[in-house]
Structure formats: C-alpha cells, structure tokens
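Structure at a glance
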Amino acid sequence: MVWLLVATIQALYFPLLADEAYYWEYSRQLAFGYFDHPPMIAWLIALGSSIYKSALTIRILPMVCVAMSILLLRTMVRISETSFWILIASIPLLQIMSCLALPDAPLLLTTVLYFLGLRLFIRTKNLKNSLILSLCIACMMYSKYHGILLIACTILAHPSLLKSKYFYASFAGSILLMSPHIYWQFVQDFPSFKYHLFERHEVSSKSNFLAFLASQLLVLGPLILIYFMGFKHINWTDIWERILHFCTLGVLLVFSINALTSWSESHWTLIIYIPILLALPERYTLPLWLKYGLVSWSICIVILRMVISLSLLPLDGLPSKLKAHYQKNQHWANTIQREASGRRPVFMNSYPDAALFNYYTDKQAYAWNDFYGRNNLYNIWLSNQNLQAENVFLIPYQGFISKEQYYYNGKAYPCIRYDEFKLFPSVQCEIIRGKVDKLNLDATIEVSGLTELALSTNQHSIVLISYDNEANILQSQEIQRLQDLHINKPLDCSLVLPEKTTKISLGIKQKSLPPSKRGRLYKLADFSR
C-alpha cells in the first residue's frame, strides 16, 4: 500500500516527460503499430485517459502493470519474502520507472507472464499450455520488440523445443495473434524494422560501450553484482535454470555488443532483473559486507524516493523545482502558440517538443527532420496526409542561424515564419547502382512516392549529403529538381564528393531550408568494391 501511495503521488505531480507525451500522441490515433514501438503503451494510455486527460490518468495503467509484475513475480521466486522486497527496493531504475508511462511498463508485466507460461509449458507440453504460451508471447511482443531476445535465448538454451509439435503450435498461435501488427508493418513498409535494424546504427560513440557497462550498476543496482558473484554455482544441466541464465546473459551480451557500434540505452536491460530473481536459489548466502551494503542501499533508495514524492506535493513550505518545471512547460507551450499567431507550429528535429506542445495546448503541431534528425511517428502521419502549401511557424534547434526570432523568458530563440510550406514525406530515394573511383561517384537513383503535385513544384530538389567518419555533414550537392523527374524512371548522376567523405545519403531540399534525409545511410566503401 505504501508503494502504491508513493507511486500515485509521483504519477500525479511529476511533470510529464517528453517521451511520455510522445506515447500520449500514439493514443490520439489508435492503431496496431507505431513507428518506434508496438501498440500496447498506446492502448493503455488511451484507456486510462479516455475520460479525463492528466498526468495521472496517462500513467495509471502502466503503473498498475509494474505493480502487477512485481506481485506476480513474488509468487514465482524461491527466495524469502524479506529478501525479495529488499532486492526489489535495491533496483534504482525500477523505482524510477514504476510511475511513468513508458513501453517498459507493460514489457515488465508481459515478461513475467512469458516466464510463467514458459514454465507451465516446459513442465507439461500440451495444447492448453501451448495456447497459454502463445498468448504470453504475443502480449510481450505487443509491448516492446525486446521480447524477441528472450524467445531467441530460450530456444538457444533449450533447442529440443524445436522438436515439439506443441512448440510450433505455440509459435503459430503467437503469429496469428500478432497478425494485425504484422499487417500494419506491411502496409507502412516495415518502418519499425528499418529503424531498429538500420537507422539506429547511423549514430555511434567510442565511449558508449564503457558508459553502457558502468550504467548497469545504476539500472540494476547491487543485483547485478549478486548475480555474477554466484555465477560459478549455476546448474547448467537444469533446463529451467539454463533458460533463465541464457536470457540474462543473452540480453546483456546483445546490448553490450550493440553499444560498440551504435547507441544502447541503459534501461533496455531492466527486464533481466526478472530471470535473475527467478534463478536465485531458495537459500543463498552473501558476504557480510555485501549483505549490509545491500540493505543500506535499499533503505537509501526508498528514502530518496519518498523525499522526492513529498517534494512534489502542492503544500506550502515544500518548494520544488519539479513543480516549477511543470509550470514552465505549460508557459513554453503557450508562448509558442502565441508567437505562431494562427500558423501551424512545426518543430525541426524535435518530435518530443512537438508532442509536449500538443499535450499542453490540445493543438496539432508536427515534427520535421533535416539531415540531422531521426525518423519518428510524425514521418508516418505526414506521409499519410502530405502537408501542403500551409503557412507554418518553424521552430529550429538551438544554434540554427535565422534572421527571425521569438522570445521566451527574456531569451531569443530562432524561428522561421514560412509561407506555403510544402512537404512530400512519401518521396523516398534509394541508390540502386553505384560505383566510386577515388571520390568520383556514378550512381543510379530510384525515386519512389512521386505524385503529380510533387512534380509540379519548382522549389524542391534531390540532393546528395556527404558525411565524414564522425557523421559530420561535409556538403549537400543538388542533383536534380523534382519537377524535372519522371515517375518510374531512374535518375542517373555523376558527382565529385568532398575530401574525407566516408558515408552518403539522399535527401530533398526545400528552398532556403536545410535538406531532409529521404533514404538510408550508405558507406562509400560499399561502392568501391
């Protein structure tokens, strides 16, 4: 009850995060899929806020998912109740995310359900348990795509599952339940898979790997140390225990390897706290220093969470920067709306800001990307209704050079009052053939999604964007105007690339604005073979 009370206070008074506002945007247009994630979080938010829109109603069902996952997990673990609650309290990220509307909330519940269904299935392989497992798998995949790692690790740990007809029945059942989402991906040309498998790898950081490993202490707390300290005592011959450890190590390994070449979010590994707790033996001993350290750590986390919750309460004598932050967001949105003067706000490279603006004003702003921005849900929405000849209030990122400005809290910010803003997001470009001799590029480009309206404009051009090895923009070269293209006819071009070019992409440039990326990133080395 105390845990639920603290979580409710946090959910009620903690300012809505930009990511939460983005998922709230999902719920405004319910579907079987979205650009970044499966639809479960959107369904939960839509159901919770169907009567009244507030931070609490947006978060209430995700919060219930986390609470239910913990209570259900308690019935499955073998350790004592006291040890269980001490370990739960020691996980910092679990305390933070327990009151936020994020896809990880339903993922935690459905992951517990997956292991529950899997345990039933392993004990008794029959049609009933097969159907239960298929339902658990589908719910997990509707929550977040990370669930596929647990399924893959389960098969690797117990490959004899592939010999069971009931396992294939479970697999077929989960595919059937997922068919609406699969169909949505097909209709939208599989945007989620393209983004997660290819586009995410455009950004890399040399220090990301070490930072990712170090962050796991903040994500899982002492639990990760306890796990590896008892690693030598694992019974690999026990099927159930082997599956739990394969899932734990598999998730850690995949995201650690990913951190070497791309960006891995620290919280992606939170789900492994579930198999770790399930794998703990009924009686386990810890060194005295770690036992006292664990209890002290857990008490500190609980006290810190309660202090933060109290600081959120609207009581006199309890000043709170978080409450001020909440009021600042509302004031910021009102300022944008006033400065726009009836124009539609369009945020450059900032889909979270667009979502926050929409939440606080109940209006409909959009996000538009230049070559620096990443694709998001607004790309799909704009593709379905091309934004044409509309007068917009364009809000660029800080550092963008613009003659126009607006003022917020006494500080100047860049803006562009752009007339007849035309956007053709359905137009995509792909290099179907290419050859590079030194820095001379000969390429054949296929341009899809062209319409008569796009071909009639004289202010949009196909451009080639060159990057160096650190993903810095070197040059944007115009190839051809849209009005000079022909539908279903490839475009041939020959260009001299700037020095230090290692990657290229294609985009569309509109008048004086920077180009927007309209295709994947290509490595120059791929055309030199």
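For the structure itself, look to the data block above.
What you see as residue numbers is a count from 1 along each chain, following the sequence as written. The predicted nature of this model means local features are confined to residues of pLDDT at least 70 and side-chain atom pairs, given and counted, to a pLDDT of 80 or more, with totals for whole chains, interfaces and linings taken over all residues. Hydrogen atoms and water are omitted, and side-chain values are computed over all heavy atoms in the structure.

1. Topic: the nonpolar core
The biggest cluster of nonpolar side chains holds 129 residues, and the ones touching the most others in it are Phe-115, Tyr-273 and Leu-277. Here a strand is any run of E in DSSP of at least two residues, a helix any run of H or I of at least four, and the numbering for each starts at the N terminus. Counting residues per element, this core draws most heavily on helix 7 (residues 104–123), which supplies 10 residues. Residue types Ala, Val, Leu, Ile, Met, Phe, Trp, Tyr and Cys, when buried and joined through side-chain atoms within 4.5 Å, form a set referred to as a nonpolar core. Residue burial is assigned from relative accessible area. The probe radius is 1.4 Å, only protein chains are included, and a residue is buried under 20% of its type maximum, exposed over 50%, and partly exposed in between.

2. Section: the sheet that holds strand 5 (residues 411–421)
The strand order across the open sheet built from five strands is 2-1-3-5-4, with neighbouring strands paired in mixed fashion. Strand pairing shows two members of the sheet lacking a second neighbour, strand 2 (366–368) and strand 4 (404–408), which therefore form its edges. On average, each strand axis in the sheet is tilted by 40° relative to the strand beside it, whichever way the strands run. For two strands to be treated as a pair, DSSP must find no fewer than two bridges joining them. Here strand 4 runs beside strand 5; their pairing, made up of five bridges, is antiparallel. Across the sheet, Gln-405 pairs through a bridge with Pro-414, a residue of strand 5. Contact definition: two residues touch when any of their heavy atoms are within 4.5 Å. Inter-axis angles, ranging from 0 to 180 degrees, are taken between N-to-C directions of lines fitted to C-alpha atoms, where helices are fitted over the stretch in contact. Along the sheet, helix 18 (residues 351–361) contacts strand 1 (344–348) and strand 2; its crossing angle with strand 1, the most-contacted strand, is approximately 150°.

3. Comments concerning the sheet that holds strand 6 (residues 428–437)
Strands pair in a sheet through their backbones, by hydrogen bonds, and they do so in one of two ways: parallel or antiparallel. Taking strand neighbours across the sheet as the criterion, the three strands line up as 6-7-10 in an open arrangement whose pairing is antiparallel. Strand pairing shows two members of the sheet lacking a second neighbour, strand 6 and strand 10 (491–496), which therefore form its edges. Strand-to-strand, the axes of this sheet are offset by a mean angle of 25°, without reference to chain direction. Across six bridges, the pairing between strand 7 (residues 440–448) and strand 10 is antiparallel. Note on strand 10: the bridge partner recorded for Asn-440 is Val-496.

4. Regarding the packing of aromatic side chains
The criterion for an aromatic pair is that two Phe, Tyr or Trp rings (for Trp, the six-membered ring) have centres within 6.5 Å, with stacked assigned to planes under 30 degrees apart, edge-to-face to planes over 60 apart and tilted to the rest. Counted according to the given criterion, the structure contains 32 aromatic pairs. With a centroid separation of 5.3 Å and an interplanar angle of 65°, the aromatic rings of Tyr-22 and Tyr-26 are classed as edge-to-face. With Tyr-22 and Tyr-26 both in helix 2 (residues 18–28) and four residues apart, the pair spans about one turn of that helix. Each member of the pair, Tyr-22 together with Tyr-26, is buried. Ring centres of Tyr-378 and Trp-381 lie 5.7 Å apart, and the angle between their planes is 90°; on these two criteria the pair is classed as edge-to-face. Highlighted residues: Tyr-378 and Trp-381, both in helix 19 (residues 377–384), separated by three residues, approximately one helical turn. Each residue in the set Tyr-22, Tyr-23, Tyr-26, Tyr-34, Tyr-351, Tyr-366, Tyr-378 and Trp-381 is aromatic and connected to the rest through ring pairs, giving one cluster. For a ring to carry a charge above it, either NZ of a lysine or CZ of an arginine must fall within 6 Å of the ring centroid while also lying within 35 degrees of the normal to the ring plane. Sitting over the face of the ring of Tyr-359, Lys-53 holds its NZ or CZ atom 4.5 Å from the ring centroid.

5. Points about the environment of Met-306
Within the secondary structure layout, Met-306 lies in helix 16 (residues 288–312). On a C-alpha basis, the gap between Met-306 and Val-6 in space is 6.7 Å, while along the polypeptide they are 300 residues apart.

6. Here's the deal with a nonpolar patch on the surface
Grouping into patches uses exposed residues only, defined as over 30% relative accessible area, and leaves out salt-bridged ones; the cut-off is 9 Å for like charges and 5 Å for nonpolar side chains (Val, Leu, Ile, Met, Phe, Trp, Tyr). Per-residue and other accessible areas were derived by the Shrake-Rupley procedure at a 1.4 Å probe size, with only the shown protein chains allowed to occlude residues. We count a salt bridge whenever a side-chain nitrogen from Lys or Arg sits within 4 Å of a carboxyl oxygen from Asp or Glu. Taken together, the side chains of Tyr-183, Phe-186, Val-187, Phe-190, Phe-193, Leu-197 and Phe-198 present a nonpolar region at the surface, about 780 Å² in accessible area. At the level of secondary structure, the elements contributing two or more residues to the nonpolar patch comprise helix 10 (165–187) and helix 11 (191–197). For the nonpolar patch, the element with the most residues is helix 10, which contributes three residues. Mapped onto the secondary structure, Phe-198 falls in the loop between helix 11 and helix 12 (208–220). A relative accessible area of 55% means that Phe-198 is categorised as exposed.

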